[in-house]
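Here's the letter readout for the chains.
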There are 4 protein chains.
Amino acid sequence: MHATLRTPVCASLGLFLSCSIVLFAQAAEVAKSPQGPNDEIGMLNTVTAAQRLAVLQQIASGKVYDLSVDYFVGMPGLADLGMGDPPYHMWMTHTPGGVKVEKLAPAGSTQELALYDDALLMSTHSGTHLDSLNHLGYGEKIFNGFEASQYLGNKGWTKAGADTVPPIITRGILIDVAGEKGVATLPESYEITAKDLQRALSKQGTALRPGDAVLIRTGRMTAWPDPKKFVPNEPGITRESAAWLIDHGAVLLGADNMGVEKFPMASESVHTYVFAERGVHLLELVWLEELAKDQVYEFAFIAAPLKLRGATGSPIRPLALPLQTKKATEGTVTTGQE
Amino acid sequence: MHATLRTPVCASLGLFLSCSIVLFAQAAEVAKSPQGPNDEIGMLNTVTAAQRLAVLQQIASGKVYDLSVDYFVGMPGLADLGMGDPPYHMWMTHTPGGVKVEKLAPAGSTQELALYDDALLMSTHSGTHLDSLNHLGYGEKIFNGFEASQYLGNKGWTKAGADTVPPIITRGILIDVAGEKGVATLPESYEITAKDLQRALSKQGTALRPGDAVLIRTGRMTAWPDPKKFVPNEPGITRESAAWLIDHGAVLLGADNMGVEKFPMASESVHTYVFAERGVHLLELVWLEELAKDQVYEFAFIAAPLKLRGATGSPIRPLALPLQTKKATEGTVTTGQE
Amino acid sequence: MHATLRTPVCASLGLFLSCSIVLFAQAAEVAKSPQGPNDEIGMLNTVTAAQRLAVLQQIASGKVYDLSVDYFVGMPGLADLGMGDPPYHMWMTHTPGGVKVEKLAPAGSTQELALYDDALLMSTHSGTHLDSLNHLGYGEKIFNGFEASQYLGNKGWTKAGADTVPPIITRGILIDVAGEKGVATLPESYEITAKDLQRALSKQGTALRPGDAVLIRTGRMTAWPDPKKFVPNEPGITRESAAWLIDHGAVLLGADNMGVEKFPMASESVHTYVFAERGVHLLELVWLEELAKDQVYEFAFIAAPLKLRGATGSPIRPLALPLQTKKATEGTVTTGQE
Amino acid sequence: MHATLRTPVCASLGLFLSCSIVLFAQAAEVAKSPQGPNDEIGMLNTVTAAQRLAVLQQIASGKVYDLSVDYFVGMPGLADLGMGDPPYHMWMTHTPGGVKVEKLAPAGSTQELALYDDALLMSTHSGTHLDSLNHLGYGEKIFNGFEASQYLGNKGWTKAGADTVPPIITRGILIDVAGEKGVATLPESYEITAKDLQRALSKQGTALRPGDAVLIRTGRMTAWPDPKKFVPNEPGITRESAAWLIDHGAVLLGADNMGVEKFPMASESVHTYVFAERGVHLLELVWLEELAKDQVYEFAFIAAPLKLRGATGSPIRPLALPLQTKKATEGTVTTGQE
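Residues numbered from 1 in each chain as written. Chains lettered and ligands numbered in written order. Predicted model: local features only at pLDDT ≥ 70, side-chain atom pairs only at ≥ 80, totals over all residues. Heavy atoms only, no water.

### Observations concerning the overall build of chain A
Secondary structure assignment for chain A yields 11 helices and 17 strands. Taking all 338 residues of chain A together, the buried fraction comes to 67%. Within chain A, residue pairs in contact and separated by at least 24 positions form 79% of the contacts whose partners lie at least 6 positions apart. Accessible area of chain A: about 10,500 Å², with a carbon and sulfur share of 54%. (Helix = DSSP H or I, 4+ residues; strand = E, 2+ residues; numbered from the N terminus. Buried < 20%, exposed > 50% of the residue type's maximum accessible area, 1.4 Å probe, protein only. Contact = heavy atoms within 4.5 Å. Areas by Shrake-Rupley, 256 points an atom, 1.4 Å probe, with all protein chains shown as cover.)

Here it is, written out as structure tokens:
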């Protein structure tokens, strides 16, 4: 029962999909999409071309904020949770010395090739990344009722993977909860409430509207990239605050921590709720430090995951360009986390 | 000797960086960047915030073209060249059944977690991807004189990697060479000449200008994803046509084939030339079919590689939004290659 | 129904396990082990310490035959079957140049460390390898009734993996079927019959007895390591001939091809039969060329897979030392496949 | 200067190779092998077929000691040293559910295939393993003067790799240093001296002789597999004690810790010394607990690494069978570490 979801706000916004999902959803049951039995992307369906254009036309300057961290050997990640996920790994597959010893040369090349090549291994949930709707479900089912027995291969799902996620161009909203509270970072395991969000939005002078990508700043990135400080007991949102955000228009939820929600997870995780009951993707390990410093709370949000077929997630490099409604600093591209 | 590079066009455009590079560059020698000894990104430096804004403001509609292919087990790639690169691989690290047997549960979770997780292994040059300037060089040196002995670790370079590449927002130009010639795809190993490019540009009514990301359509994607048809003997550009494009303003060169240049490579490869002598990145395996079908030749080009520290390349998902100068089809997001 | 298995030979040998398995086994049902519900190794239980000692004491000389192929990038393997298995891959994780750039040095070391390190990725069924009893089953069950729902994690089974396989020291028997027929290799997809085996044994003057590790030579290794010639349509044994061997004492079946059985597999595979119904492990890609050339048909067989916890297989390097009953060539160690 | 190496013992044993190496070796210089410029295995050359046979003939019983640990996700290893090596990882490539969804079936099979397959990634120095002579060197050279510029590819060396190591069958000697001192384990970073070794040998009543594989027990395995307790500051041998062992006949040195030598390494590591100056391989993470408990100090040592082409190391599963000179317990195979 999610009575709170059937709020007047929801009704007044006419968010058919969102509210419909609510109607179908029950605790521990996956939602059916009003877009029909083939829908794999949930709320991202609701962003229209008109919305995209409107946002793009409000861009204030050519300044681009880079919302991604670097990916590197030793970075914090799933491997630190002790569930047996491989850490990020990278290696050279070709160097000039090796190429010479192995007598490798592309056909036709007479020139000695000074070739450098590398390969990587990583969890699809490494660094700044998007969670697909097939990342968690209830029992054998994920969002829209797709069943593992029918759609889960050994090389990923055949439904609702990262490859199904369209390019996301919509209004982005930063909610700087740590900033509103005047702290560098929220305390360990702090549960961000809907009240916290409302207070920060109010201080920022920002109002949510349907189609927003909402990015929440907990301040956790101040501990990046020290795995011991970054990984355990992160502050984050709860089901209640997640529901509030989605009810008020969010079609994508992100944060500057590993799991958006607070850790340790509540017995009923936010992850399962937003994927399976609300059709909302998550964006994790987002770099929000420059946006916060420059007090950029509204921006064109542009992001697209790699189209990793069937994957439960994908690394992503989201960009933000401040909108005209906000004083945007002229200048060059920010470099994100370095 | 690259006499063709010191053209009046170059001079008249005032392309300081490009022409400076020419002045410094000699056959089989890496260029020094006029941006100084620390520069790692070459021509991408020259795209200004003003240029970015101008392009964004010309976007005609919210229609987004997705220029990326899918990534999947079995896709064509470097592994097909027989040089020992690993093919794209992906696997599940968690499924509900496994989680139950392994008694894994995040701290705090009492709910049985229906968790699906995956990991992947790939060449950084898999699928649609960007080549970093450290991908090839001459002898021990790459662009701007960075030496392997000083900067090449076992986990990638510490210079000029994918992590140094800024978000790229600039005008994109499609040159549909196959289209101009009225063929589905150019013949095997066809060498695209500067004349070919000029003829296509002329037919399209498009003129290059400084800062353009230029994407060349050979038609090769009509053979995708059959490795046997797609990989060997691709048509592509030559040093001469690459030089012509860069001299006329291109800061990024891309194509719908594996290596932009024609295969088998000429004894002096385009790769080394554009990276080491011109400071220009490459974009490979770009999906251009919808752009070509809709005759969208000018667009806002938006792309940013993953910030893989030190990597010689990175998967990327470039986007294109038609500019007002062109009749853009209203509607939804294209889905790219499926 | 496996009436052929209840042969007088079986009865007279008193092979309790083997015959019991037959009694319990039915088509498409897994056998229960007479060793009890915890047994994970089947017929390997039946080799006694006395048998091991007897074999060791008959060793004729210090000459060792190496029955393993090399493992290398590009070797034929599962990846060639097109089911998405990764090919063997290997790379350097440390070289002196990289160590210097990355400023890596073990604590205490003041000496510049000229360190070379590598890592590998492979199917557990790469090169010469042993198949565990959990490699195939019927439905959800494997040998002895272990169910996937209870024992299959995402990092392997918790039952009947390669780690459960004890060191194998027993009498080894080479059956050189290709040799008996006077051909370099058996024809493509040739089905080796029990008659073929009997004829070769008879020509060799060898008789099977309980506890034998039986290695069958098809001659396929004459095509190694060309994937195109080696992988498709290999000659091999059938259920009928597998049953005959096990009934006559074999506790381990091996061959010089990829799957012991002939390819394409019969609708009822030998794999499932020997694992699930007979409790017998397989040994694949065994190098038998020197044994055959020297006409060594009886030998001490010494092999032990890596103890890869839960794995469905493991690379292995089996050794053979001729027994006194045979004229053994004095001399050095053979080097196996090179 | 290695004056201690030219001992009377060395001379009297006529250990040509060993002593010759000494003559050629100087500090920080690699040895040349008296076996000629193509020799890749050093002291292992000196074990003769006669020695092998003699050892095999002294085996007292069919009892086999398994000297290997298990390999599993989470096991301590190189990754714990923080130099960027990947930890052991393993995953399923096929399960019946996945096979069904992916519609994979080997040609010919009509039966629904209940197939389980897995793959692994590991450092070649994982678990119980052998170090090849190409694992460390001085500058650009390794044992016998092989130079990286000529022989180091991107997929391993082309010289002195694990594939060159012959099957090792020789007398094995356990030196139970922890046992002699009556402690469960030697203290952290304890330096085992030649005196310590002599005292333990004397107490055991064991004398070294040419060709021995010497395994040293520090007691460290009592901390296995806790990475925090097992990895840092292990007790081990020094150059001085390594030299003493080799001078007295050891052709292979092993121990029950990660690096045989004590950690932190001395400024001049034992590794480099034994590989590059003495041509002796190392065996690490050897499970010696049962041998020690049963006071089995002399045994037939049987081991062979995987023939990983060019690899700096290889997992291995060494076996020990007590010799008649010692009271051997009758019975079954020991299971090694579980």
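### Focus on the relation of the copies chain D and chain B
When chain D is brought onto chain B, the operation consists of a screw motion whose angular component is 180° and whose axial shift is 0.0 Å, with 0.0 Å RMSD remaining. Look at the turn and shift together and you get a two-fold axis relating the two. Looking at the interface residues of chain D, 100% of them are also at the interface in chain B, so both copies use one shared face. (Least-squares fit on C-alpha atoms with pLDDT ≥ 70 in both.)

### Overview of the relation of the copies chain A and chain B
Overlaying chain A on chain B yields an RMSD of 0.0 Å, the required transformation being a rotation through 180° with an accompanying axial translation of 0.0 Å. Of all interface residues in chain A, 100% are interface residues in chain B too; the two copies therefore contact each other through one and the same surface.

### Re the interface of chain A and chain B
Each partner contributes to the interface: chain A provides 101 residues, whereas chain B provides 101 residues. Sorting the residues of chain A by area buried against chain B places A:Tyr116, A:Lys307 and A:Arg317 first, and these three jointly supply 11% of that buried surface. In this structure, the connection of chain A to chain B is made through 4 salt bridges. One salt bridge connects B:Asp66 with A:Lys307, and the closest N-O pair in it is separated by 3.1 Å. Counting across the interface, chain A meets chain B through 34 residue pairs in polar contact (both at pLDDT 80 or more). It is strand β4 (residues 117–123) of chain A that provides the largest number of residues to the side of chain A that touches chain B, a total of 7 residues. Across the side of chain A that touches chain B, the residue classes break down as 53 nonpolar, 32 polar and 16 charged. (Buried area = accessible area lost by both parts, 1.4 Å probe. Salt bridge = Lys/Arg side-chain N within 4 Å of Asp/Glu carboxyl O. Polar contact = N/O pair within 3.5 Å; in protein donor to acceptor, adjacent residues only side chain to side chain. Nonpolar A, V, L, I, M, F, W, Y, C, P; charged D, E, K, R; others polar.)

### Description of the side chain of B:His89
Looking at where B:His89 falls in the secondary structure, it is placed in strand β2 (residues 89–94). Filtering out sequence-adjacent residues up to four positions away, B:His89 remains in contact with B:Val73, B:Ala119, B:Leu120, B:Leu121, C:Gly84, C:Pro86, D:Trp91 and D:Thr93.

### Brief notes about the pattern of salt bridges
Here the idea is simple: oppositely charged side chains can pair when their charged atoms come close. In total, this model carries 60 salt bridges over all chains according to the counting rule given. One salt bridge in this structure joins B:Asp70 and A:Arg309, with 3.0 Å as the shortest N-O distance. Of the two residues, B:Asp70 sits in the loop between β1 (65–66) and β2 while A:Arg309 sits in the loop between β15 (298–303) and β16 (313–315), which places them in two different chains. Among the residues examined, A:Arg309 registers a relative accessible area of 30% and is labelled partly exposed. Via salt bridges that share partners, A:Asp66, A:Arg317 and B:Lys307 belong to a single interconnected network.

### Re the confidence of the model for chain A
Confidence in the prediction of chain A, expressed as mean pLDDT, is 89, and 86% of residues score 70 or more. Of the regions scoring below 50 in pLDDT, residues 326–331 of chain A engages in 16 contacts with residues more than four places distant in sequence or in other chains. (pLDDT = per-residue confidence, 0-100.)

### A look at the sheet that holds strand β16 (residues 313–315) of chain D
Strand pairing in a sheet relies on backbone hydrogen bonds. The paired strands run either parallel or antiparallel. Residues and elements named next belong to chain D. Spatial ordering of the open sheet is given by β1-β17-β15-β9-β11-β13-β14-β5-β16, a layout of 9 strands whose pairing is mixed. For this open sheet the edge positions go to β1 (65–66) and β16, each flanked by a neighbour on one side alone. Pairing geometry for strand β5 (residues 129–131) and strand β14 (residues 281–284), over 3 bridges, is antiparallel. Residue pairing across strands places His-129 opposite Glu-284, the latter belonging to β14. Running at roughly 140° to β14, helix α10 (residues 270–277) makes contact with β5, β13 (250–255) and β14 of the sheet. (Pairing = 2+ DSSP bridges. Axes fitted to C-alpha atoms, helices over the stretch in contact; angles between N-to-C directions.)

### Topic: the environment of B:Pro225
Residue and element names in this part refer to chain B. Locating Pro-225 in the fold gives a position in the loop between β11 (212–217) and α8 (227–230). The sequence separation of Pro-225 and Met-75 amounts to 150 residues, and the corresponding C-alpha distance is 6.1 Å. Setting aside residues up to four positions removed in sequence, Pro-225 forms contacts with Phe-72 and Pro-76.

### A word on helix α9 (residues 239–247) of chain C
Residues and elements named next belong to chain C. Most of α9 sits out of view: 8 of its 9 residues are buried. Residues Arg-239, Ser-241, Ala-242, Ala-243, Trp-244, Leu-245, Ile-246 and Asp-247 constitute the buried set of α9. In the segment just after α9, Gly-249 is the residue with positive phi, at about 120°.

### Let's talk about the interface of chain D and chain B
Listed per partner, the contact involves 7 residues of chain D and 7 residues of chain B. Between chain D and chain B, the buried area comes to about 470 Å², and carbon and sulfur atoms account for 63% of it. Considering only the surface of chain D that becomes buried against chain B, D:His89, D:Trp91 and D:Lys155 emerge as the three largest contributors, covering 66% of it. Put simply, chain D and chain B have 0 salt bridges between them. Taken together, chain D and chain B are joined by 4 residue pairs in polar contact (both at pLDDT 80 or more). In the side of chain D that touches chain B, the residues fall into 3 nonpolar, 3 polar and 1 charged.

### So, the pairing of strand β4 (residues 117–123) of chain D
With 7 of 7 residues buried, β4(D) is to be regarded as a mostly interior element. Residues of β4(D) alternate between two faces, with D:Asp117, D:Ala119, D:Leu121 and D:Ser123 on one and D:Asp118, D:Leu120 and D:Met122 on the opposite face, all of them buried. Of the pairings in the sheet, the one linking strand β4 (residues 117–123) of chain C to β4(D) comprises 5 bridges and is antiparallel in character. If you follow C:Ser123 over to β4(D), its bridge partner there is D:Ala119. Relative to β4(D), strand β2 (residues 89–94) of chain D is paired through 5 bridges, and the arrangement is antiparallel. Of the residues in β4(D), the one forming a bridge with D:Met90 is D:Leu120.

### Comments concerning the packing of aromatic side chains
Applying the stated criterion across every chain yields a total of 18 aromatic pairs over all chains. Between A:Trp91 and C:Trp91, the ring centres sit 4.2 Å apart and the planes meet at 20°, which makes this aromatic pair stacked. Placement of A:Trp91 in strand β2 (residues 89–94) and of C:Trp91 in strand β2 (residues 89–94) is noted, with the two residues assigned to different chains. Judged by its relative accessible area of 0%, A:Trp91 falls in the buried class. (Phe/Tyr/Trp six-rings, centres within 6.5 Å; stacked < 30°, edge-to-face > 60°.)

### Quick notes on the packing of helix α7 (residues 194–204) of chain A against helix α9 (residues 239–247) of chain A
Residue and element names in this part refer to chain A. Put simply, α7 and α9 touch, their axes get as near as 8 Å, and they point 45° apart. Overall, the two elements α7 and α9 adopt an arrangement that is oblique. The residues of α9 that touch α7, namely those facing Ala-194, Leu-197, Gln-198 and Leu-201, are Glu-240, Ser-241, Trp-244 and Leu-245. For the contact of α7 with α9, the class distribution of residues is 5 nonpolar, 2 polar and 1 charged. (Parallel < 35°, antiparallel > 145°, perpendicular 65-115°, else oblique.)

### Some remarks on the side chain of A:Arg239
Residues and elements named next belong to chain A. Relative to the assigned elements, Arg-239 resides in helix α9. Taking the relative accessible area as the measure of exposure, Arg-239 reaches 14% and is therefore buried. A distance of 3.0 Å separates the side chain of Arg-239 from the backbone oxygen of Ser-269, its partner in a polar contact.

### Overview of the pairing of strand β15 (residues 298–303) of chain C
All names here are of chain C. Buried residues dominate β15, accounting for 6 of its 6 residues. Here strand β9 (residues 168–176) runs beside β15; their pairing, made up of 6 bridges, is antiparallel. Residue pairing across strands places Ile-168 opposite Ala-303, the latter belonging to β15. Across 4 bridges, the pairing between β15 and strand β17 (residues 319–322) is antiparallel. Each bridged residue has a counterpart across the sheet, and for Ala-300 the counterpart in β17 is Leu-321.

### Focus on the environment of C:Tyr71
Tracing the chain through its elements places C:Tyr71 in the loop between β1 (65–66) and β2. According to the relative accessible area criterion, C:Tyr71 is buried, its value standing at 0%. Residues C:Tyr71 and C:Leu152, 81 residues apart in the sequence, show an inter-C-alpha distance of 28 Å. The contact partners of C:Tyr71, leaving out residues within four places of it in the chain, are C:Tyr88, C:Met122, C:Ser126, C:Gly127, C:Thr128, C:Pro315, C:Ile316, D:Leu306, D:Lys307, D:Leu308 and D:Arg309.

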